Amino acid sequence: MSAVPVITVDGPSGAGKGTISHLLSDTLGWHFLDSGALYRVVGQACLIEAVSWDDHSAVAEIAATLDVSFTLADDGEVLVAYKDIDVSRAIRTEEGGRGASTVAAIPAVRNALLHRQREFCQAPGLIADGRDMGTVVFPGAPLKFFLTASAAERAERRYKQLIAKGESVSLPRLLEAIEERDARDSSRSVSPLVPAEDAILVDSSGVSIDQVFATVMAKVKEKGLI
Ligand code: DC
C-alpha cells in the first residue's frame, strides 16, 4: 500500500458516515471516496442497460467497464454521471439503495471495483467512506472508524432527509428497508459489513454530529495526522 494516508469510515447506512467523512475531507483537505456511490451507479447502470441485478455475469461486466464521473457543481453538489447521463438523483432514492446493496453482494462486482477505489488514494490523503474500506480496500489504513447507530435512529434520520428532498416515504417501511439492507450487507459471503479488528467503534445513537466529529477529530490528532 502507498504511503498516502487513508482514514476509513465504515458502518451501516444512516450511521452518519457521509456527514463525518465530508467534514473530515473538508477539514483535512484530503480526497474523498464515496464507495457506496460506485455500487449505486452500477445498480443504476443495470436499469439503464436493461440488465437484471440478478444476472451476475452481466452486472460484473457493467462494473468492470463502468463509465462513471464525479464532478463538483458550482453549488458544491457532487454530480454523478453514467455515460454522460446525470444519475445523481436516481442513485440516492430508496430503489437506488436497494440496487446498490443487491449488486454489491456479487463477488465479481466487488472485485471489479477494487482497483477503481484504490485509485482514489492520492496525496495528501484520502477519506474512504463505505462498508469494507478498513477490512478489504485499505486494510493498511493508519486510522479506521466504524460508525454505528440503532436501526430506529438511522431510519428516522433517513426519513427526515427524504422528506426534506420532497420524497414521500413511510417511517415503518424505511425501518424495514434499513433492517433488510443491514441483513443483506452483513450476511453476504464477500466483504460483509463488519468492523476491522483495528477499527475504533463510534456509536452515534443520541449523539449530535458535532459531538461525533469532535470524537473523531481527537483520534485524528492523537494519530498525528493533523
Ligand atoms: O453507503 P451507501 O448507502 O451509499 O451504500 C449503498 C449500498 O452499497 C449499501 O447498501 C451496501 C453497498 N456498499 C458496499 O457493499 N460496500 C461499500 N464499500 C459501500 C457500499
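Criteria and cut-off values
Residues numbered from 1 in each chain as written. Predicted model: local features only at pLDDT ≥ 70, side-chain atom pairs only at ≥ 80, totals over all residues. Heavy atoms only, no water. Pairing = 2+ DSSP bridges. Helix = DSSP H or I, 4+ residues; strand = E, 2+ residues; numbered from the N terminus. Buried < 20%, exposed > 50% of the residue type's maximum accessible area, 1.4 Å probe, protein only. Polar contact = N/O pair within 3.5 Å; in protein donor to acceptor, adjacent residues only side chain to side chain. Axes fitted to C-alpha atoms, helices over the stretch in contact; angles between N-to-C directions. Contact = heavy atoms within 4.5 Å. Parallel < 35°, antiparallel > 145°, perpendicular 65-115°, else oblique. Left-handed = near helix turned anticlockwise from the far one by under 90°. Nonpolar A, V, L, I, M, F, W, Y, C, P; charged D, E, K, R; others polar. Near = heavy atom within 4 Å. Areas by Shrake-Rupley, 256 points an atom, 1.4 Å probe, with all protein chains shown as cover.

A. The arrangement of the pairing of strand E3 (residues 68–72) in detail. Of the strand pairs in this sheet, E3 and strand E4 (residues 78–82) are connected by five bridges, and their pairing is antiparallel. Counted as the bridge partner of Leu 72 is Val 78 from E4. Following E3, the chain reverses through five residues before pairing antiparallel with E4; Gly 76 in that reversal takes a positive phi of roughly 90 degrees.

B. Molecular detail of the side chain of Arg 188. Of note, Arg 188 is situated in the loop between helix H8 (171–187) and strand E8 (200–203). Arg 188 sits in the buried class, given a relative accessible area of 8%. Here the side chain of Arg 188 touches Val 190 through a polar contact of 3.0 Å, landing on its backbone oxygen.

C. Layout of the sheet that holds strand E2 (residues 31–34). Strand order in the open sheet made by the five strands is E2-E6-E1-E7-E8, with parallel pairing throughout. Across the chains shown, the open sheet's two edge strands, defined by having one partner strand only, are E2 and E8. The sheet shows a mean angle of 20 degrees between the axes of neighbouring strands, direction not considered. In this sheet, strand E7 (residues 143–148) lies alongside strand E1 (residues 6–10) in parallel orientation, the contact comprising four bridges. Bridge pairing in E7 links Asp 10 to Phe 146. Running over the sheet, helix H1 (residues 17–28) touches E1, E2, strand E6 (126–130) and E7 and is turned about 175 degrees from E6.

D. Here's a closer look at the packing of helix H4 (residues 94–103) against H8. The geometry of H4 relative to H8 is characterised by a closest axis approach of 10 Å and an angle of 15 degrees between their N-to-C directions. It follows from the interaxial angle that H4 and H8 lie roughly parallel. In this structure, H4 crosses over H8, and the sense of that crossing is left-handed. Contacts from Glu 94, Gly 97, Arg 98, Ser 101 and Thr 102 of H4 reach H8 at Leu 174, Ala 177, Arg 181, Arg 184 and Asp 185. Split by residue class, the contact of H4 with H8 holds two nonpolar, three polar and five charged.

E. Summary view of the site of the ligand. Lining the immediate surroundings of the ligand are 15 residues, of which Arg 40, Arg 110, Arg 131, Asp 132 and Arg 188 lie closest. Measuring from an oxygen atom of the ligand, one finds a side-chain N or O atom of Arg 40 at 2.6 Å. A distance of 2.9 Å separates a nitrogen atom of the ligand from a polar atom in the side chain of Asp 132. Coverage of the ligand by the protein chains reaches 96% of its 450 Å² of free accessible surface. Of all the secondary-structure elements, those providing two or more residues to the shell around the ligand are helix H2 (35–48), H4 and H8. Among the elements that line the shell around the ligand, the one with the most residues is H2, at four residues. Grouping the constituent residues of the shell around the ligand by class yields four nonpolar, four polar and seven charged.

F. Focus on the pairing of E1. Burial analysis of E1 places five of its five residues in the buried class, which makes it a mostly covered element. Residues of E1 alternate between two faces, with Val 6, Thr 8 and Asp 10 on one and Ile 7 and Val 9 on the opposite face, all of them buried. Sheet analysis places E1 next to E6, joined by five bridges and oriented parallel. Residue Asp 10 lies in a different strand from E6, and its bridge partner there is Gly 130.

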